[in-house]
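Summary of the model geometry
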Amino acid sequence: MPDRSCPKLLRALLPLLAATGCDGCPSSKPYTPYTLGSAAPSGSPPPLSGVAPGAPDAGPDADAGAPDAAAPRFAAVPSVPAPEGGKRWPLDGGAVAAAPTGRTFETGLLLDLDGDGARDLVAWARAPDGLRGELLLAPAARPQAPRTLAALPGDLAAQGCTPRVGLSQIGPATLALDFAPQCPDQQRAAGAGATRWIAVIRLPGPDAGAGAAPELALELRLRTPPPDEALSASLEVADRDADGRDDLIVSVGLSGALRPFPAPAGAAAAGLSAPLVFLDRPAGLSRDAAQPGEALRALAAALLRDARGKATAPAVAASAQRLRRLHAALCADAAGGGGAVAGRDATRAGEALVWTGAGPVRCGEPGLAAAIDHAEAVAASTRGAPLAAVAALDRGGAEARAKEEGKLLAKLAPPAAASAVYRTAAAPQPTRPGAFGPLAFEASGALLVRTAQGVVRVDPAASTESATDLPPWPAAVHAGPAELVAVERRCDAPTLLALFRSSPEAVGEMEVPLPLLRGQGPRARPGAPPPERCAGTERLPFSPLAASEGGFDIALGAALVSIDLRAAAPTASALSFPLATPAPRGAARSPDGATLAVPAAGGLLVATAGGAARLWSGGDLAQATACAPANGGARVACVVGAAAVIFEAK
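Report follows, based on the coordinates. For every chain, the first residue of its written sequence is number 1, and the numbers climb from 1 along that sequence. Selection of residues for local features in this predicted model requires a pLDDT of at least 70, selection of side-chain atom pairs for listing and counting requires 80 or more, and totals for whole chains, interfaces and linings are taken over all residues. Note that the side-chain values use all heavy atoms of the structure and ignore hydrogens as well as water.

1. With respect to the environment of Val277
Using the following cut-off: In DSSP terms, a helix is any run of H or I states spanning at least four residues, a strand is any run of E spanning at least two, and both are numbered starting from the N terminus. Three labels apply to residues, based on accessible area from a 1.4 Å probe with only protein chains included: buried if under 20% of the type maximum, exposed if over 50%, partly exposed otherwise in between. Working rule for contacts: check all heavy atoms of both residues, and any pair within 4.5 Å makes them a contact.
With respect to the element layout, Val277 can be found in strand 15 (residues 272-281). On the basis of relative accessible area, Val277 is assigned to the buried category, the value being 0%. Leaving out residues up to four positions away in the same chain, Val277 has contacts with Arg240, Leu248, Ile249, Ser286, Arg287, Asp288 and Gln291.

Have a look at this one:
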């Protein structure tokens, strides 16, 4: 088994921790392998290992005292374009390899694989459309009898895409072929991006018997991520367990950001990466189950360190989202990443994007999502944003909340026992979820109840209820002619979506991606834990907070979101509390707009600008809907059954 000591782990993580601010060991030096499928033209790809030809390197830990510290890394050997139009390839001794019927050589390597002194040909032979092909071996002694080392799987042909192929020798006994379709933006936007295919070929070693031939050691598939994200893979060969065999490290990186998350800047623009490690055994390559889990945990630990610093805490929320995305892209068992169909047959955006020949990658890190949420909550607390902190802690549900998270939640929003102080005789008008509710306090403390017959004013101090001539406020949430209809969680979208109609007579609904990943936000059934698999389409509960000509402000649990409709392409962004927009009647806000009351963390979160947030529970609050707070947050009115109930908390 690989060494699990700190120096060994840090040497493995250096390429990815360098981008995250981890100090590592004092003598560590960053090292980044070449990336498969770079911008080089087909037929002249860059090296696929960490060192360019002719540039030996002792590696990042040459001075760390490791047994292999002084060993230079292998200088990768790139393939060369096929000569003579790809129909024939001259070999040593006057022999010639001919491309099979219907195929053309594109790129290849000349290597003496059988030790007879003559170089053999390993070449990519493709069909005219470039979307079919095989990696062939033509021995110099028998060029007329080529054998197939690896064939492009038929289900990967992507019509309308232009393939780019790279072939390199990345280790003394290892070749890598990278087939990377380049697809139009509209194809990616439709979720029909092609799958990238990487084949790793193991060459026969010096102790192999006579007639031993190269063999396919590993297949990797990398699905195209949603637009504005980029998935990369870099390969490095190293003897990780000191057994004299080439082990393989595949660093998978994710950069960019989903719409509408802001694009990372500075050092964060390089994205995050984590390794898959394959140990060479006599029976073949065997994946080290410790990775990428160890690397992902290290990245989460780095987030928590940043979360505690006032200078670094503001950047943690964006870094946390990128780490969640990397986790979901790599791991089929990640929360929100496995989806309804995972691994090889994944076709939906947001699914696990990486598959090996043995199937999808299962990382076995059930606590990672909670660790990321905790780091984000600590960062929000550090920067004085208690609602954002509660929203982060609430994502896994009470069942997934650890003792430490529970303590932080109690500190951010101390529990308060609520009791009913008044129940109205007036029956609030029934309202669909997500609409402006039938209750609204006045600045005087009186409660207005929108009934089917009109608006009733309730004076709880005098225990009186009287009809008014006030016009009923609308239930529909309008921004000019546009109406907010719903918020959905769908298996074919990596983020939550807000649905709205552009006008009352509009046919169909438009959608806006929200800055919440698919696994975030409240559950359709409050209090339910997140499912392991995405299940169809859910319409989620949300609380409208404001609406104007420019758009909507809403709360999904304690997560506040602003939807801007003023641009040609509507956008959404995270919203800070307190809100600057006026509070309309029926919103989950007080008349002065400074207090809000939203269901979150298994209770009713009541927060006032400049004051403490409190988590109310008890009484009939578990059955309450459409809550509205009074100024100052001392009272909250909610619909319970066929009445309005005014609550106070101690």
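2. Describing the packing of helix 5 (residues 368-382) against helix 7 (residues 403-412)
Heads up, the rule is: Working convention: axes come from line fits to C-alpha atoms, limited for helices to the stretch in contact. Angles between N-to-C directions cover 0 to 180 degrees. Orientation is classified from the angle alone, with under 35 degrees giving roughly parallel, over 145 giving roughly antiparallel, 65 to 115 giving roughly perpendicular, and any other angle giving oblique. Take the far helix as your reference; a near helix turned counterclockwise from it by less than a right angle gives a left-handed crossing, and one turned clockwise gives a right-handed crossing. Residues are grouped as follows: nonpolar covers Ala, Val, Leu, Ile, Met, Phe, Trp, Tyr, Cys and Pro; charged covers Asp, Glu, Lys and Arg; every other residue, Gly included, is treated as polar.
It is at 11 Å that the axes of helix 5 and helix 7 come closest, and there the two elements cross at 25°. Between helix 5 and helix 7, the interaxial angle falls into the category roughly parallel. The handedness of the crossing between helix 5 and helix 7 is left-handed. Together, Ala370, His374, Ala377, Val378 and Ser381 of helix 5 and Glu404, Glu405, Leu408 and Leu412 of helix 7 make up the contact between the two elements. For the contact of helix 5 with helix 7, the per-class residue count stands at five nonpolar, two polar and two charged.

3. Some thoughts on the state of the cysteines
Quick note on the threshold: The term disulfide is used for any two cysteine sulfur atoms that are within 2.5 Å.
Overall, the coordinates contain two disulfides when judged by the stated rule. In this model, Cys627 is linked to Cys638 through a disulfide, with the two sulfur atoms separated by 2.1 Å. Around the S-S axis, the bridge from Cys627 to Cys638 shows a dihedral of about 110° and counts as right-handed. Within this pair, whereas Cys627 is found in strand 36 (residues 625-629), its partner Cys638 is found in strand 37 (residues 635-640), the two being separated by eleven residues in sequence. By relative accessible area, which is 0% here, Cys638 ends up buried.

4. Considering the packing of helix 5 against helix 6 (residues 386-393)
One way to put it is that helix 5 packs onto helix 6 with a least axis distance of 7 Å and a crossing angle of 170°. The angle between helix 5 and helix 6 falls in the class roughly antiparallel. Side by side, helix 5 and helix 6 meet where Asp373, His374, Glu376, Ala377, Ala380 and Ser381 of the first sit next to Ala388, Ala389, Ala392 and Leu393 of the second. The residue inventory of the contact of helix 5 with helix 6, partitioned by class, reads six nonpolar, two polar and two charged.

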